[in-house]
Amino acid sequence: MNDSVTDTVPWISYNFAILRVVPHVHIGAFIAVGVIVHARTEEFIGARLLTSVAELRARVPDMDAELLSAYLRSLQAICDGATAAGPVALAPPSERFHWLTAPRSDVIQSGPVHEGLCDSPAAALDELFDSVVTLHSG
């Protein structure tokens, strides 16, 4: 990479996690269904989640796709800070990120939190979703 370019880019540190569906928790295999990105210094939190019932049915055929989509939409609402999503949605972005990525033994789980550098957290979210969820759609 050209050093003059790296010296002028205002890099933003961010954390991200992949949201995944674990249809059979006892086996541990999972299907990536979304990404959450948090850039504390920018007060940015964003999620892109696969909520299409048809797509979920194709990827996880032995689950209730409508119910799964409803749960994923509720996670999106919490991330977005929607008032109707309850008290967690009203918390600051950092608290919402930590709540959304907390370890769970449910069917919808967060993978480990990773770090990255970007010039736009929204663009990083789109790139991660495209590379992890869209490209691995089968």
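Now for a description of the structure that goes with this document. (Residues numbered from 1 in each chain as written. Predicted model: local features only at pLDDT ≥ 70, side-chain atom pairs only at ≥ 80, totals over all residues. Heavy atoms only, no water.)

**Description of the layout of surface pockets**
Part 1 of the reasoning: Taken as a whole, the largest pocket spans an internal volume of roughly 290 Å³.
Part 2 of the reasoning: Contributing to the lining of the largest pocket are 16 residues, with Tyr71, Leu75, Asp106, Val107 and Ile108 lying nearest its centre.
Part 3 of the reasoning: Where the lining of the largest pocket is concerned, the elements lending two or more residues are helix H3 (65-80), helix H4 (93-100) and strand E4 (108-110).
Part 4 of the reasoning: Looking at which element gives the most residues to the lining of the largest pocket, the answer is H3, with five residues.
Part 5 of the reasoning: Looking at the lining of the largest pocket, its residues break down into 10 nonpolar, three polar and three charged. (1 Å grid on protein atoms, 1.4 Å probe; cavity = no way out; pocket = protein on both sides within 12 Å on 5 of 7 lines; lining within 4 Å. Points joined across faces, edges and corners; volume = space filled by probe spheres on them. Helix = DSSP H or I, 4+ residues; strand = E, 2+ residues; numbered from the N terminus. Nonpolar A, V, L, I, M, F, W, Y, C, P; charged D, E, K, R; others polar.)

**Structural notes on the pattern of salt bridges**
Part 1 of the reasoning: A complete count under the given rule lists four salt bridges for this structure.
Part 2 of the reasoning: Between aspartate 130 and arginine 48 there is a salt bridge whose closest N-O contact spans 3.9 Å. Within this pair, whereas aspartate 130 is found in helix H5 (residues 121-134), its partner arginine 48 is found in strand E3 (residues 44-49), the two being separated by 82 residues in sequence.
Part 3 of the reasoning: Arginine 48 gets classed as partly exposed once you look at its relative accessible area, which sits at 28%.
Part 4 of the reasoning: Arginine 59 serves as the salt-bridge partner of glutamate 55, at 2.9 Å between the closest nitrogen and oxygen. With glutamate 55 and arginine 59 both in helix H2 (residues 53-59), this residue pair falls four residues apart, about one helical turn.
Part 5 of the reasoning: Given a relative accessible area of 26%, glutamate 55 falls into the partly exposed group.
Part 6 of the reasoning: Look at arginine 59 and you get buried, because its relative accessible area is 14%.
Part 7 of the reasoning: A single network of salt bridges, built from pairs that share partners, joins Arg48, Asp126 and Asp130. (Salt bridge = Lys/Arg side-chain N within 4 Å of Asp/Glu carboxyl O. Buried < 20%, exposed > 50% of the residue type's maximum accessible area, 1.4 Å probe, protein only.)

**So, the pairing of strand E2 (residues 31-39)**
Part 1 of the reasoning: Judged by how many residues are buried, E2 sits mostly within the fold: eight of nine residues are covered.
Part 2 of the reasoning: Pairing geometry for strand E1 (residues 12-21) and E2, over seven bridges, is antiparallel. Across the sheet, arginine 20 pairs through a bridge with alanine 32, a residue of E2.
Part 3 of the reasoning: When E2 meets E3, the two strands line up antiparallel, connected through six bridges. Looking across to E3, one finds that histidine 38 is bridged to isoleucine 45.
Part 4 of the reasoning: Linkage of E2 to E3, two consecutive antiparallel strands, is achieved through a turn of four residues, within which glutamate 43 is found at a positive phi near 50°. (Pairing = 2+ DSSP bridges.)

**A closer look at H3**
Part 1 of the reasoning: Taking 1.5 Å per residue, 16 residues should reach 22 Å; H3 reaches 22 Å between its end C-alpha atoms and fits that length.
Part 2 of the reasoning: The complete set of buried residues in H3 reads Ala65, Leu68, Ser69, Leu72, Leu75, Gln76, Ile78 and Cys79.
Part 3 of the reasoning: For H3, the N-terminal capping position is held by aspartate 64, with its side-chain oxygen 3.2 Å away from the main-chain nitrogen of glutamate 66.
Part 4 of the reasoning: Taken from the residues just after H3, glycine 81 is the one with a positive phi, measuring 80°. (Expected span 1.5 Å × (residues − 1). Polar contact = N/O pair within 3.5 Å; in protein donor to acceptor, adjacent residues only side chain to side chain.)

The values reported here are purely geometric and, on their own, carry no functional implication.
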